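A look at the structure
Listed below are the residues making up each chain.
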Amino acid sequence: DQQVKQNSPSLSVQEGRISILNCDYTNSMFDYFLWYKKYPAEGPTFLISISSIKDKNEDGRFTVFLNKSAKHLSLHIVPSQPGDSAVYFCAASVRNQGGKLIFGQGTELSVKP
Amino acid sequence: GAGVSQSPSNKVTEKGKDVELRCDPISGHTALYWYRQSLGQGLEFLIYFQGNSAPDKSGLPSDRFSAERTGGSVSTLTIQRTQQEDSAVYLCASSLPYRPEAFFGQGTRLTVV
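Attention here is on the structure that accompanies the text. Bear in mind that the values here come from a model prediction, so they are computed numbers and not experimental data.

Here is what the cut-offs are and how they apply
- Residues numbered from 1 in each chain as written.
- Chains lettered and ligands numbered in written order.
- Predicted model: local features only at pLDDT ≥ 70, side-chain atom pairs only at ≥ 80, totals over all residues.
- Heavy atoms only, no water.
- Helix = DSSP H or I, 4+ residues; strand = E, 2+ residues; numbered from the N terminus.
- Buried < 20%, exposed > 50% of the residue type's maximum accessible area, 1.4 Å probe, protein only.
- Contact = heavy atoms within 4.5 Å.
- Areas by Shrake-Rupley, 256 points an atom, 1.4 Å probe, with all protein chains shown as cover.
- Lys, Arg positive; Asp, Glu negative; His and termini not counted.
- Charge placed at Lys NZ, Arg CZ, Asp CG, Glu CD.
- Core = buried A, V, L, I, M, F, W, Y, C linked by side-chain atoms within 4.5 Å.
- Salt bridge = Lys/Arg side-chain N within 4 Å of Asp/Glu carboxyl O.
- Pairing = 2+ DSSP bridges.
- Axes fitted to C-alpha atoms, helices over the stretch in contact; angles between N-to-C directions.

**Side note on the overall build of chain A**
A tally of regular secondary structure across chain A gives zero helices and 11 strands. Order of helices (α) and strands (β) in chain A, N terminus to C terminus: β-β-β-β-β-β-β-β-β-β-β. Out of the 113 residues belonging to chain A, those deemed buried represent 47%. Put simply, of all contacts in chain A between residues at least 6 apart along the chain, 54% involve residues at least 24 apart. Of the accessible surface of chain A, which amounts to about 5400 Å², a share of 48% is contributed by carbon and sulfur atoms. The average position of the 12 basic charges and that of the 10 acidic charges among the side chains of chain A differ by 3 Å.

**Regarding the nonpolar core**
Core analysis: the biggest nonpolar cluster contains 25 residues, and F30, F33, W35, L73, L75 and Y88 of chain A have the highest contact counts within it. The set of elements that each furnish at least two residues to this core consists of β3 (19-25), β4 (32-38), β5 (45-51), β7 (62-67), β8 (72-77), β9 (86-93) and β11 (107-112) of chain A. The leading source of residues in this core is β9 of chain A, at four residues. Apart from the residues within four sequence positions on either side, L73 of chain A is in contact with L21, N22, C23, Y25, F33, W35, V64, F65 and L66 of chain A. In this structure, I26, L46, I47 and I79 of chain B belong to the second largest nonpolar core, which totals 20 residues.

**Re the interface of chain A and chain B**
Interfaces are frequently sized by the accessible area removed from exposure as the parts join. Every contact between the two is made by 20 residues of chain A and, on the other side, 20 residues of chain B. Our count for the contact surface shared by chain A and chain B stands at one salt bridge. Between D56 of chain B and K100 of chain A there is a salt bridge, with the nearest N and O atoms lying 2.9 Å from each other. Going through the elements one at a time, β4, β5 and β9 of chain A are the ones with two or more residues in the side of chain A that touches chain B. A per-element tally of the side of chain A that touches chain B places β4 of chain A first, with four residues.

**Section: the sheet that holds strand β7 (residues 75-79) of chain B**
All names here are of chain B. Read from one edge of the open sheet, four strands run β1-β3-β7-β6, paired in antiparallel fashion. Edge strands, defined here as strands with exactly one partner in the open sheet, are β1 (5-7) and β6 (65-69). On average, each strand axis in the sheet is tilted by 15° relative to the strand beside it, whichever way the strands run. Relative to strand β3 (residues 19-24), β1 is paired through three bridges, and the arrangement is antiparallel. Directly across from Q6, in β3, lies its bridge partner C23.

Remember, this is a structural readout, not a statement about activity or role.
Take a look at the structure:
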C-alpha cells in the first residue's frame, strides 16, 4: 500500500523556467511533509518542509504548496538551474506517532541549459 | 563526525552469507532510521528507532533482517542468509527528538552475487 505517491518518474525542464514536482498521499493522518533531493551515489538531503497547518512555505527558489482537501503537495523551483538536476523525493509523517518518514518513489528532474 | 556515517560504503557478498551494516548517527539525534533503495525504486522504510521506545520494525521484509541500536547511538542492520533480491543501497538517517527532518548518510551499496 503506497501511502505517498509520485506519479511522474521523470521531468525535463529548460534552464530558467519553473519546475513543478507533484506528490499525492492517501493517509489523512499525515501532518508534516518534506522534500528531499538526491544526487547519484549520495544520500538524500533535506530541502524544504511544510506543516499541515500551512498551505505554502517558501525558501529562496523553492516553494512547497499543500492542498489538504486534495491530499496533494507540490514543489516549485523557480528559476530552475542545471545544478537542480537530481531525484526529488517527497515524504510524509505523523508527528505525534513518532515522526516516521514515508517516502514516495521519486521524480528525476533534468534541467537542460 | 558532523554527519551520519555508514560503513562499509560498498559490500559484495555471496548468496547465503550474513552481512552487517553499521550506522553512526549525528550526536544528540535520538531518532534513527534504516531505509533501502533498490535499483530504480524509491526509498523503502525498514525500521525506526526513537529514543528508548520499542523500535518500529514494520518495514522489515523478512525475518532474515534485524537491527539493533546499542546505547542509543550506533546501529547495526544484519541480514542473514543473503539473497540476490537483497541487493540495494541501504541508507541510514537520524533526526532530533520528534523532528521529522532526518539527515541521511551516504549509504552502503550491498551486492549479493
